[in-house]
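Each chain, letter by letter, is given below.
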Amino acid sequence: MQFQTRCVHVGVNKDTAYNSCITPIYPSSTFYWDDLNTHKGYDYTRSGNPTRKALEENLAALEGGIDCKATCTGMAAITTAMHLFRPGDHIVAGHDIYGGTYRLFADVLTSQGYRFSFVNMGDPENVRAAITPETKGIWIESPSNPLLNVVDIAAITDIARSAGAVSIADNTFLSPYLQRPMELGVDVVVHSTTKYLNGHSDVVGGCVITRNEEHAERIGYIVNAMGLGCSPFDAWLVLRGVKTLGPRMEAHQRGATALARMLDEHPAVERVYYPGLESHPGHELAKRQQAGFGAMLSFDVKGGRPEAEQVFSRLKLFSLAESLGGVESLVEYPETMSHASMTLEARREAGISERTIRVSVGIESPDDLVADMRQALEG
C-alpha cells in the first residue's frame, strides 16, 4: 500500500463482532482470562490495549519499523528511548535540540550518571570528534527545534554504526509523511504524537518505533514496567488524526512556504529559518533526505524583545502558545517558552536569541496567514 493508504487502513479492522469501519475504543482497565493459562491477548491495559495496539501497528507501518510502543507524552517516549542506555554511557546530541529534551539530558539524566556531549551536528565531523569509547548513542533532531538546522542523517548513522552506538531520531517536526529516518539508517525513531500525527491539538502522546527485535523487546519492557503507555482514548484520537496526515501536511507546507517567502523579503525581518528557502544552508540536504520542507519555521525580527512582543500583540490568526502541528497556526517565543529550560549560555550557543520567533503554520488560507503576519510586522 502507498503511504496515504496505510495511514487510513493499517490498524483499523479490529471489530470482528460488528465489523466497525473505525477502530473501537477499548476503555477497559482489565481483561478476563479464559483459564489460568489463556486469555485473548490482553490482561491489563498498562501492559497492552487493543486500541493502543492498533495505533502502534499503524505508526510502525508508516515509519518502516517492526514495532512501536505508544506512550502517554512525547517526553515519555524520549525517556523510554533513553532506557536503551545505562548510567556511565555517553550520548552525543545536537546543541540546538528541543528545550525539554535538553533539560532531560542535561539535568535529569546527567544527575543519574549519564554523560552527554552537545555538538553542532550540521557538520558530521563534530559528531565523529565527540565519540569516545563510552559512546553508546547518538541523538538526532532534524530539522532542529527551533532553528530548523538540517542534519545529514545518513552520515550520522554511519558514524554511529562505526562506533557501535545506537542512533535515535526525533522525527516530530516532519512526520513520516515527509521524512523516514529508518530509510537513512536510523535504529530508533521517536515522535511526540501530540503534534502532526494527531494534528488537532486535543491530545498529548508519544511513540517509540524500533527496527530490530532487541530494541523492541527492551522498549516494550520499559513502557510496561514504568507505566508509560498512552490511554485507549488518546490512542484512538491519534489513530483518527493520522488518517488525514498526508493532506494536512500538504496544506501545512503550502502555508509555510508562502509565509517564509514573505518574511524573507520583509524589511522588519533579519533572518528566516526555513529549509524550503533556497538561501537556507541546509536546503539541498533537505531536498535529498526529505519529501518536503515541513510547516515549522522561525525568524529573527529586527530589534529585540520589545519588537517581538509587538508582533505577538498584533497577530490575530496566530495564537501565542507552545506546541505545534495542529490545524491552527501558533507562534511562540523560545527564549521564555519552549527553550526556557535551557541555560542562557546554551540558548545563545544554539543561536536562539531575544529576536527569535517560532511559527507552527496551520492549514488556514496561506493568503490570510501572510496578510496577518505582514500587518503584525508593520503595525
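A brief look at the structure comes next.

What counts, and where the lines are drawn
Residues numbered from 1 in each chain as written. Predicted model: local features only at pLDDT ≥ 70, side-chain atom pairs only at ≥ 80, totals over all residues. Heavy atoms only, no water. Buried < 20%, exposed > 50% of the residue type's maximum accessible area, 1.4 Å probe, protein only. Helix = DSSP H or I, 4+ residues; strand = E, 2+ residues; numbered from the N terminus. Arc of directions from axis to C-beta. Contact = heavy atoms within 4.5 Å. Phe/Tyr/Trp six-rings, centres within 6.5 Å; stacked < 30°, edge-to-face > 60°. Axes fitted to C-alpha atoms, helices over the stretch in contact; angles between N-to-C directions. Left-handed = near helix turned anticlockwise from the far one by under 90°. Nonpolar A, V, L, I, M, F, W, Y, C, P; charged D, E, K, R; others polar.

### Some thoughts on helix H6 (residues 153-163)
Step number 1: Among all positions of H6, only Ile153, Ile156, Thr157, Ile159 and Ala160 are buried. Seen end-on, H6 carries its buried residues on one side only, within an arc spanning 155°.
Step number 2: Buried residues belonging to H6 abut helix H5 (124-130), strand E4 (135-141), strand E5 (166-170) and helix H11 (283-289).
Step number 3: One or two residues past the end of H6 sits glycine 164, with phi positive at roughly 70°.

### Quick notes on unusual backbone geometry
Step number 1: The amide bond that connects serine 142 to the next residue, proline 143, takes the cis arrangement and shows omega of -5°.
Step number 2: Along the polypeptide, proline 143 turns up in the loop between E4 and H6.
Step number 3: A cis amide bond links asparagine 145 with the next residue in sequence, proline 146, at an omega value of 15°.
Step number 4: As for its position among the elements, proline 146 is in the loop between E4 and H6.
Step number 5: The phi dihedral of asparagine 19 is positive, around 60°, even though this residue is not glycine.
Step number 6: Counting through the fold element by element, asparagine 19 comes out in the loop between helix H1 (3-9) and helix H2 (50-63).
Step number 7: Note on asparagine 19: relative accessible area 62%, which makes it exposed.

### Regarding the packing of aromatic side chains
Step number 1: Inspection of every chain in the model, using the stated rule, returns eight aromatic pairs.
Step number 2: Relative to tryptophan 236, the ring of phenylalanine 233 has its centre 6.1 Å away and its plane inclined at 20°; by these criteria the two rings are stacked. Taken as a pair, phenylalanine 233 and tryptophan 236 lie in helix H9 (residues 232-242) at a separation of three residues, close to a single helical turn.
Step number 3: By the ring-pair criterion, three or more aromatic residues cluster together here, those being Tyr102, Phe105, Phe116, Phe118 and Trp139.

### Things to note about the packing of H2 against H9
Step number 1: Running from N to C, H2 and H9 point in directions that differ by 35°, and their axes come no closer than 8 Å. Handedness of the H2/H9 crossing: left-handed. Of H9, the residues touching H2 (which contributes Thr51, Arg52, Ala54, Leu55, Asn58, Leu59 and Leu62) are Pro232, Ala235, Trp236, Val238, Leu239 and Val242.
Step number 2: Its residues assigned to classes, the contact of H2 with H9 shows 10 nonpolar, two polar and one charged.

### Let's talk about the environment of glutamine 253
Step number 1: By secondary structure assignment, the location of glutamine 253 is in helix H10 (residues 245-265).
Step number 2: C-alpha of glutamine 253 to C-alpha of glycine 292: the two residues are 39 residues apart in sequence and 7.8 Å apart in space.
Step number 3: Residues within four places of glutamine 253 in sequence aside, it is in contact with Leu178, Tyr274, Gly292, Phe293, Gly294 and Ala295.

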